[in-house]
Amino acid sequence: MPGFDMHIHTKASDGLLDIAQIVSKAKEKDLDGIAITDHDTIAALDEAAKIKEETHFPIIPGIELSAEWGNFNVHILGYWIDWKKSFLAERLDILQQARRERCYHIVELLEKHDMPLDADKIIAVSGSSIGRPHIAAAMLEKGYVKSSKESFSKWIGRGMPAYVPRLKLSPFEAIEMIREANGVAVLAHPGVGVPEKLIPELVIEGLSGIEVHHPDHNYQAETKFYQIARHYCLAALGGSDFHGHPSRVIGCRFTSLDQVELLARRGHRQGISLG
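The shown structure was predicted, so the numbers you read here are calculated from the model rather than taken from an experiment.

1. Brief notes about the pairing of strand β5 (residues 184-187)
Okay, so step 1: Neither face of β5 is open: one carries V184 and V186, the other A185 and L187, and all of them are buried.
Okay, so step 2: Inspection of the sheet shows strand β4 (residues 72-79) paired to β5 by four bridges, in the antiparallel sense. Bridge pairing in β5 links G78 to A185.
Okay, so step 3: Pairing geometry for β5 and strand β6 (residues 207-213), over three bridges, is parallel. Within β6, the position partnered with V186 by the bridge is G209.
Okay, so step 4: At this point the chain moves from β5, through helix α8 (residues 199-205), to the parallel β6, and the crossover so formed is right-handed.

Okay, structure coming up:
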């Protein structure tokens, strides 16, 4: 099964494993390489570079930026980013501070519904990128809900009593941010609520690829997005969106080597340095 799993999360955001554990699992699957794409954080990339040097296993430094277009959540993946650029860390710090403030606000609302939680503890165990899944896990641990899914459907999902909107980029700002960091931008899991009419606008802004193969895409969706990728000359990527849970394993979706190379060529043509 040669190829790269181009969508992997670590403990630095909402994953369960560290880089060394992830590389070990990737090797077990005979993958040619992986990309680390934590949510709105570059906290794991120094360690990833170290592990890459020690193991000689290819690791592409990346990120997944959370964006919003109207009422739609749009995630933009960035690959080969220069994570040491100071402006990138500064902008991500703003997003992370907004995440922490949102956590406190959600916990305040839940307490009004007789579900007290320790916001400081949730933030402390969440790594560098606190999100609603961490709050859902705390609610489950306290016995307030029977599943994390119930946390969202009854309490912290959009339109629910403890929902709090979060500071987000527009997808166009996310693409610009990735390109300023010398990376290439890819639309993540477009089959999960992304309106198709947005895609050509993203291409104009510099989108280089689209995530065709994803666990939440069925065969029909993957066929459709592959055709869209060909129409706009985009790289057709795939990734497991791995977080460490047994239901979704590393390499269950992956990107062929020719598409990884196509993405790199797209970046070079745009004057991007991929290292």
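Back to the text.
2. Some details on the pairing of β6
Okay, so step 1: For β6, the tally of buried residues reaches six of seven residues, placing the bulk of the element in the interior.
Okay, so step 2: Pairing of β6 with strand β7 (residues 235-238), which is carried by four bridges, proceeds in the parallel orientation. Bridge assignment links G209 to a residue of β7, and that residue is A235.
Okay, so step 3: Running through helix α9 (residues 219-231), the crossover from β6 to the neighbouring parallel element β7 is right-handed.

3. Quick notes on the environment of A67
Okay, so step 1: One can find A67 in strand β3 (residues 59-69).
Okay, so step 2: Here A67 falls in the buried class, since its relative accessible area comes to 0%.
Okay, so step 3: Considering only alpha carbons, one finds A67 and E173, 106 residues apart in sequence, at a separation of 8.3 Å.
Okay, so step 4: Beyond its immediate stretch of four places on either side in the chain, A67 contacts F72, N73, V74, H75, K168, L169, S170 and P171.

4. What about helix α6 (residues 148-156)?
Okay, so step 1: Buried within α6 we find E150, S151, W155 and I156. Down the axis of α6, the buried set is contained in an arc of 135 degrees. They therefore lie on one face.
Okay, so step 2: In this structure, the buried residues of α6 make contact with α3 (86-112) and α5 (132-142).

5. Comments concerning a negative patch on the surface
Okay, so step 1: Taken together, the side chains of D18, D46, E47, E53 and E54 present a region of like negative charge at the surface.
Okay, so step 2: Note on placement: D46 falls in helix α2 (residues 45-55).
Okay, so step 3: Judged by its relative accessible area of 47%, D46 is partly exposed.

6. Side note on the pattern of salt bridges
Okay, so step 1: What the rule picks out here adds up to nine salt bridges.
Okay, so step 2: With its nearest N and O atoms 3.1 Å apart, the salt bridge here joins R91 to E180. Taken together, the positions of R91 in helix α3 and E180 in helix α7 (residues 171-180) put the pair 89 residues apart, joining distant regions of the chain.
Okay, so step 3: In this structure R91 comes out as partly exposed when scored by relative accessible area, which is 35%.

Reading the values: rules and limits
- Residues numbered from 1 in each chain as written.
- Predicted model: local features only at pLDDT ≥ 70, side-chain atom pairs only at ≥ 80, totals over all residues.
- Heavy atoms only, no water.
- Buried < 20%, exposed > 50% of the residue type's maximum accessible area, 1.4 Å probe, protein only.
- Helix = DSSP H or I, 4+ residues; strand = E, 2+ residues; numbered from the N terminus.
- Pairing = 2+ DSSP bridges.
- Right-handed = clockwise from strand over helix to strand, strands pointing away.
- Contact = heavy atoms within 4.5 Å.
- Arc of directions from axis to C-beta.
- Patch = residues over 30% accessible without salt bridge, like charges linked within 9 Å, V, L, I, M, F, W, Y side chains within 5 Å.
- Areas by Shrake-Rupley, 256 points an atom, 1.4 Å probe, with all protein chains shown as cover.
- Salt bridge = Lys/Arg side-chain N within 4 Å of Asp/Glu carboxyl O.
- Lys, Arg positive; Asp, Glu negative; His and termini not counted.
- Charge placed at Lys NZ, Arg CZ, Asp CG, Glu CD.

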